2 protein chains.
Amino acid sequence: MLFSTKAEYGIRLMVALGRADDGGGPVALASLAEAEALPLSYLEHLVAKLREAGLVSSTRGAHGGYRLGRPSGEITMQQVVESLEGPITPMDCFEQNGQGRVLCSHEHDADRACATKLLWTRVQGGITRALAGTTLAELVEFAERGERRPLKTAVAR
Amino acid sequence: MLFSTKAEYGIRLMVALGRADDGGGPVALASLAEAEALPLSYLEHLVAKLREAGLVSSTRGAHGGYRLGRPSGEITMQQVVESLEGPITPMDCFEQNGQGRVLCSHEHDADRACATKLLWTRVQGGITRALAGTTLAELVEFAERGERRPLKTAVAR
DNA sequence: CTAAATCCTAGCGGCCCGGTCGGATTTCCC
DNA sequence: GGGAAATCCGACCGGGCCGCTAGGATTTAG
């Protein structure tokens, strides 16, 4: 209920891109869509936002495709999720304008702080800490490790 | 974008109830609605869920109203939010069945872990840690500090 | 020139959210 | 007993976002 599939699909897309990032040519979106079993025409919209955020770069035309915009170790999940879903806030009325100021919609009467602000601040801290502290490189490595499991299961348990 | 106003309104309702919990009579929902400037008929639906969860108790009839179901120090925000919004998951495909097992919808091919699972686990940890670590008593105190305007109970007139 | 790919815009059904409404029921007070 | 005050209950409803599709325009390698 927190994030939509935009974040899910986008992250899986980025992980797949990171795994294919062997310095070779760009990867066509169609092959990623097939590998992840996701609708191609929907991914097009998502990858557009990732490109606007500079997280991926594209080359058009035949034999074109996408690459990572920068090394996977310099891409945080906060950047990925925010580029797809917009700013991460626990509540609609909870926005940061400029420097960390937070305000609720019903705070129209000046500086009377509503009690929920304390809670939302903590929740947002927990979320952003998890998102900013996880890099794409980490997830790529995690996926690489998991991909070898078919061999393990073949050996039986 | 994380929680809806159900959580927001519900928490403010609980805080208002906690502030009025001076051992006197129950508090009518109408007075809470007016104090918080929230629609009464909408709060009725929310307080119903809080009652089912045992977080508030009600007395019907004239001069009736609501009280806290137990001391504010024993009510965590996780309980409040979950009773209103359902189980807290960062992603729809992310559910805990029974003992901490998590699974994604696209994990149909056995135990191949998807890369996002690592991230969602961290995010959920951050959220639940913030929610479970914040008690109603804490928010009530926070509210009292900001503004000490007592709320009348039914019997007090 | 053609095929392959990215890019762009529009649309659409379904679900939940926020809120309203009307009433049924319970209980206190006179 | 008869209001009046309050909780309860279920149905409804407009709007917005989500997930996805469709159709084309544009760019580029071979």
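Each remark here, short or long, concerns the structure printed above.
**Looking at the overall build of chain A**
Thought 1: The helix and strand inventory of chain A stands at 7 helices and 4 strands.
Thought 2: For chain A, the α and β elements follow one another from N to C terminus as α-α-α-β-β-α-β-β-α-α-α.
Thought 3: Expressed as a percentage of its 157 residues, the buried residues of chain A come to 43%.
Thought 4: Long-range contacts, defined as pairs at least 24 residues apart, comprise 65% of the intrachain contacts of chain A with a sequence gap of at least 6.
Thought 5: For chain A, the exposed area adds up to about 8,300 Å²; of that, 52% sits on carbon and sulfur atoms.

**Points about the packing of helix H3 (residues 40–52) of chain A against helix H4 (residues 77–85) of chain A**
Residues and elements named next belong to chain A.
Thought 1: It is at 9 Å that the axes of H3 and H4 come closest, and there the two elements cross at 120°. Judged by the inter-axis angle, H3 sits oblique to H4. Viewed along their axes, H3 and H4 form a crossing whose handedness is right-handed. The residues of H4 that touch H3, namely those facing Leu-46, Lys-49 and Leu-50, are Val-80, Ser-83 and Leu-84.
Thought 2: Looking at the contact of H3 with H4 residue by residue, the classes come out as 4 nonpolar, 1 polar and 1 charged.

**Regarding the pattern of salt bridges**
Thought 1: What the rule picks out here adds up to 8 salt bridges over all chains.
Thought 2: In this structure, Arg-12 of chain A engages Glu-36 of chain A in a salt bridge whose closest nitrogen and oxygen atoms are separated by 3.0 Å. Here Arg-12 of chain A, found in helix H1 (residues 5–19), pairs with Glu-36 of chain A, found in helix H2 (residues 29–36); they are 24 residues apart in sequence, far enough to count as distant. Each member of the pair, Arg-12 of chain A as well as Glu-36 of chain A, is classed as buried.
Thought 3: A salt bridge links Glu-138 of chain B to Arg-122 of chain A, with the nearest nitrogen and oxygen atoms 2.5 Å apart. Of this pair, Glu-138 of chain B sits in helix H6 (residues 136–146) while Arg-122 of chain A sits in helix H5 (residues 116–132), each in a different chain.
Thought 4: Residue class for Glu-138 of chain B comes out partly exposed when judged on its relative accessible area of 26%.
Thought 5: On the accessibility criterion, Arg-122 of chain A (29% relative accessible area) is partly exposed.

**Looking at the protein's contact with DNA strand C**
Thought 1: In the vicinity of DNA strand C lie 24 residues, with Leu-29, Ser-58 and Tyr-66 of chain A together with Thr-5 and His-45 of chain B positioned nearest.
Thought 2: Leu-29 of chain A is positioned with one of its backbone polar atoms (N or O) 2.7 Å from a phosphate oxygen of DNA strand C.
Thought 3: A distance of 3.1 Å separates a base oxygen of DNA strand C from a polar atom in the side chain of Arg-60 of chain A.
Thought 4: Taken together, the elements giving at least two residues each to the surface near DNA strand C come down to H3, strand S1 (56–59) and strand S2 (65–68) of chain A together with helix H1 (5–19) and helix H3 (40–52) of chain B.
Thought 5: Tallied by class, the residues present in the surface near DNA strand C amount to 8 nonpolar, 11 polar and 5 charged.

**A look at the relation of the copies chain A and chain B**
Thought 1: The two copies are related by a screw motion: chain A maps onto chain B through a turn of 180° and a shift of 0.0 Å along the axis, at an RMSD of 0.1 Å. Seen this way, the second copy is the image of the first under a two-fold rotation axis. Residues of chain A ranked by C-alpha distance from the rotation axis are headed by Gly-126 of chain A, positioned 2.1 Å from it.
Thought 2: Comparing interface residues between copies, 95% of those in chain A also lie at the interface in chain B; the contact surface is shared.

**Concerning H3 of chain A**
Residue and element names in this part refer to chain A.
Thought 1: For H3, which comprises 13 residues, the first-to-last C-alpha distance of 19 Å matches the rise-based estimate of 18 Å (1.5 Å per residue) to within 8%.
Thought 2: Those residues of H3 that fall on the buried side of the exposure criterion are Leu-43, Leu-46, Val-47 and Leu-50. Buried residues along H3 cover an arc of 100° about the axis, so they all sit on one side. Pointing more than 90 degrees away from the buried face of H3 are the exposed residues His-45 and Glu-52.
Thought 3: Phi for Gly-54, located one or two positions after H3, is positive at around 80°.

**Describing the packing of aromatic side chains**
Residue and element names in this part refer to chain A.
Thought 1: By the definition in use, this model includes 4 aromatic pairs over all chains.
Thought 2: Residues Tyr-9 and Tyr-42 carry aromatic rings whose centres are separated by 5.9 Å and whose planes lie at 80° to one another, so their mutual orientation is edge-to-face. Here Tyr-9 is found in helix H1, whereas its partner Tyr-42 is found in helix H3, with 33 residues between them in sequence.
Thought 3: Judged by relative accessible area, Tyr-9 falls into the buried class, the value being 19%.

Each value, and the rule that gives it
Residues numbered from 1 in each chain as written. Chains lettered and ligands numbered in written order. Predicted model: local features only at pLDDT ≥ 70, side-chain atom pairs only at ≥ 80, totals over all residues. Heavy atoms only, no water. Helix = DSSP H or I, 4+ residues; strand = E, 2+ residues; numbered from the N terminus. Buried < 20%, exposed > 50% of the residue type's maximum accessible area, 1.4 Å probe, protein only. Contact = heavy atoms within 4.5 Å. Areas by Shrake-Rupley, 256 points an atom, 1.4 Å probe, with all protein chains shown as cover. Axes fitted to C-alpha atoms, helices over the stretch in contact; angles between N-to-C directions. Parallel < 35°, antiparallel > 145°, perpendicular 65-115°, else oblique. Left-handed = near helix turned anticlockwise from the far one by under 90°. Nonpolar A, V, L, I, M, F, W, Y, C, P; charged D, E, K, R; others polar. Salt bridge = Lys/Arg side-chain N within 4 Å of Asp/Glu carboxyl O. Near = heavy atom within 4 Å. Polar contact = N/O pair within 3.5 Å; in protein donor to acceptor, adjacent residues only side chain to side chain. Least-squares fit on C-alpha atoms with pLDDT ≥ 70 in both. Expected span 1.5 Å × (residues − 1). Arc of directions from axis to C-beta. Phe/Tyr/Trp six-rings, centres within 6.5 Å; stacked < 30°, edge-to-face > 60°.

Read these as layout, nothing more, since geometry by itself doesn't imply function.
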